[in-house]
Amino acid sequence: MAFNKWHWRQIILMIEMMILVIVSFIPIGSYNRIVHILISFLCAMQAECFKKVLGSSFSSTMCTGNLRSGVENLYRGIFQNDKQAIQKCFCYITIICFFISGVIVGVWLTLLFHENATLFCLIPVMISLVSMFE
């Protein structure tokens, strides 16, 4: 694994990790606006930097567009007999399932760890960062 060449997206992931660490130690209460601003900034960076998966457009911060694209590809697959569209549909379904899983795990972790649950978000970001070196 060669860590000598950094891509700008990897730098964005490092910034995201720093923001997540900072946010996890801000107490709930009067600093909520700061947390909202930092998380909104993080989501904006994420949405701008990671727009495609396997050559298809997708949203990494919300599910609405992914649902629309998945249904559109399902339609093309079924009614236009487009096998590649069916494959794209399954890709979007997978993305949506990960969103749903993230929500479920996020709620559970928040109930257990409160604002420190944000630290668990570092795990998938770190995995993404390390996988970009290969």
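Here, every reference points to the structure presented above.
Described in the following lines is the structure provided in the data block. (Residues numbered from 1 in each chain as written. Predicted model: local features only at pLDDT ≥ 70, side-chain atom pairs only at ≥ 80, totals over all residues. Heavy atoms only, no water.)

## Things to note about unusual backbone geometry
Stage number 1. The phi dihedral of Asn81 is positive, around 50 degrees, even though this residue is not glycine.
Stage number 2. Even without being glycine, His114 reaches a positive phi, approximately 55 degrees.
Stage number 3. Assignment of secondary structure puts His114 in the loop between helix H4 (83–113) and helix H5 (122–131). (Helix = DSSP H or I, 4+ residues; strand = E, 2+ residues; numbered from the N terminus.)

## Thoughts on the packing of aromatic side chains
Geometry of an aromatic ring pair is reported as the spacing of the ring centres plus the angle between the planes.
Stage number 1. One pass over the full model with this rule turns up three aromatic pairs.
Stage number 2. Note on Trp6 and Phe133: the rings are 5.1 Å apart at their centroids and 85 degrees apart in plane angle, and the pair reads as edge-to-face. Here the residue Trp6 occupies a position in the segment before helix H1 (8–24), and Phe133 occupies one in the segment after H5, the gap between them amounting to 127 residues.
Stage number 3. Classification of Phe133 as buried rests on a relative accessible area of 11%.
Stage number 4. Taking the centre distance of 4.9 Å and the plane angle of 40 degrees together, the rings of Tyr75 and Phe79 count as tilted. Placement of both Tyr75 and Phe79 in helix H3 (residues 64–79) is noted, with a separation of four residues, approximately one turn of the helix.
Stage number 5. Residue classification places Tyr75 among the partly exposed residues on the basis of a relative accessible area of 47%. (Phe/Tyr/Trp six-rings, centres within 6.5 Å; stacked < 30°, edge-to-face > 60°. Buried < 20%, exposed > 50% of the residue type's maximum accessible area, 1.4 Å probe, protein only.)

## Points about the pattern of salt bridges
Stage number 1. Throughout the structure, instances matching the rule amount to three salt bridges.
Stage number 2. Residue Glu48 pairs with Lys51 through a salt bridge whose shortest N-O separation is 3.1 Å.
Stage number 3. A salt bridge links Arg68 to Glu72, with the shortest nitrogen-to-oxygen separation between them at 2.6 Å. Note that Arg68 and Glu72 are positioned in helix H3 at a spacing of four residues, about one turn of the helix.
Stage number 4. Owing to a relative accessible area of 36%, Glu72 belongs among the partly exposed residues under this scheme. (Salt bridge = Lys/Arg side-chain N within 4 Å of Asp/Glu carboxyl O.)

## Some points on the environment of Met17
Stage number 1. By the secondary structure assignment, Met17 is in helix H1.
Stage number 2. When its relative accessible area of 13% is taken as the criterion, Met17 is described as buried.
Stage number 3. Along the backbone, Met17 and Leu129 are 112 residues apart, and their C-alpha atoms lie at a distance of 10.0 Å.
Stage number 4. Those residues within four positions of Met17 in sequence are excluded, and the remaining contacts are Leu122, Val125, Met126 and Leu129. (Contact = heavy atoms within 4.5 Å.)

## Comments concerning the side chain of Gln46
Stage number 1. By the secondary structure assignment, Gln46 is in helix H2 (residues 32–49).
Stage number 2. The class for Gln46 is buried, based on a relative accessible area of 17%.
Stage number 3. Not counting chain neighbours up to four residues away, the residues in contact with Gln46 comprise Glu16, Ser60 and Thr61.

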